[in-house]
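Survey of secondary and tertiary structure
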Amino acid sequence: MPNISIKMLKGRTAAQKEKLARDLVEVLSRDLGADPHWITCTIEDYDAQEWQGVFKTEIADKPSEVVYKKPEYDPADLL
């Protein structure tokens, strides 16, 4: 039962988010051989200030072996 969880800065339209969810479900289904019926996708928006905490808990504090794409930016630069 794969779940795709997207957390990002505010500013994208509902249409962009729907397309992103469809595309990601398609890729995950193809690459993992998972039936799309079992795949879920959530998208949460944050402002730059809120992102500081999200970045810490969801990226910086995670063990490196579970962060497959490492950040190439300092979240403070968003403020």
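As a reminder, the structure under discussion sits directly above these lines.
What counts and what doesn't
Residues numbered from 1 in each chain as written. Predicted model: local features only at pLDDT ≥ 70, side-chain atom pairs only at ≥ 80, totals over all residues. Heavy atoms only, no water. Helix = DSSP H or I, 4+ residues; strand = E, 2+ residues; numbered from the N terminus. Areas by Shrake-Rupley, 256 points an atom, 1.4 Å probe, with all protein chains shown as cover. Core = buried A, V, L, I, M, F, W, Y, C linked by side-chain atoms within 4.5 Å. Buried < 20%, exposed > 50% of the residue type's maximum accessible area, 1.4 Å probe, protein only. Contact = heavy atoms within 4.5 Å. Pairing = 2+ DSSP bridges. Right-handed = clockwise from strand over helix to strand, strands pointing away. Expected span 1.5 Å × (residues − 1). Arc of directions from axis to C-beta. Bend = angle between axes of the 7 residues up to and from the residue. Polar contact = N/O pair within 3.5 Å; in protein donor to acceptor, adjacent residues only side chain to side chain.

With respect to the overall build of the protein
In terms of helices and strands, the protein carries 2 helices and 2 strands. Starting at the N terminus and walking to the C terminus, you meet the elements of the protein as β-α-β-α. Structurally, the protein occupies a C-alpha span of about 40 × 30 × 20 Å along its principal axes. Summing over all exposed atoms, the protein offers an accessible surface of approximately 5900 Å²; the carbon and sulfur share of this is 56%.

Observations concerning the nonpolar core
Counting residues in each nonpolar core, the largest one holds 7 residues, listed as I4, I6, M8, V25, L28, A34 and I39. Breaking this core down by element, the ones donating at least two residues are β1 (3-9) and α1 (14-32). Sort the elements by how many residues they give to this core and β1 lands first, with 3 residues. Excluding residues within four positions of it along the chain, A34 makes contact with P2, L28, S29 and I39.

Regarding the pairing of β1
Relative to strand β2 (residues 40-46), β1 runs parallel, the two being bridged by 7 bridges. Bridging from a neighbouring strand, M8 pairs with D45 of β2. Where the polypeptide runs from β1 across α1 and back to β2, its parallel neighbour, the crossover connection is right-handed.

A closer look at the side chain of S29
The topology assignment puts S29 in helix α1. Beyond its immediate chain neighbours, meaning those up to four positions away, S29 contacts A34, P36 and I39.

Some points on α1
In this model, α1 (19 residues) spans 26 Å end to end at C-alpha, consistent with the 27 Å of a helix rising 1.5 Å per residue. Listed in full, the buried residues belonging to α1 are K17, A21, V25, L28 and S29. Each buried residue of α1 sits inside an arc of 100 degrees when the element is viewed along its axis, so together they form one side. Turned more than 90 degrees away from the buried face of α1, the exposed residues are A15, R22, E26, R30 and D31. Among the structural elements, β1 and β2 are those in contact with the buried residues of α1. Looking one or two places after α1, you find G33, whose phi comes out positive at around 70 degrees.

Structural notes on helix α2 (residues 48-60)
The sharpest bend along α2 measures roughly 35 degrees and falls at V54. Taken together, the buried positions of α2 are occupied by W51, Q52, V54 and F55. Of the residues flanking the start of α2, the one acting as N-cap is D47, its side-chain oxygen 3.1 Å from the backbone nitrogen of Q49.

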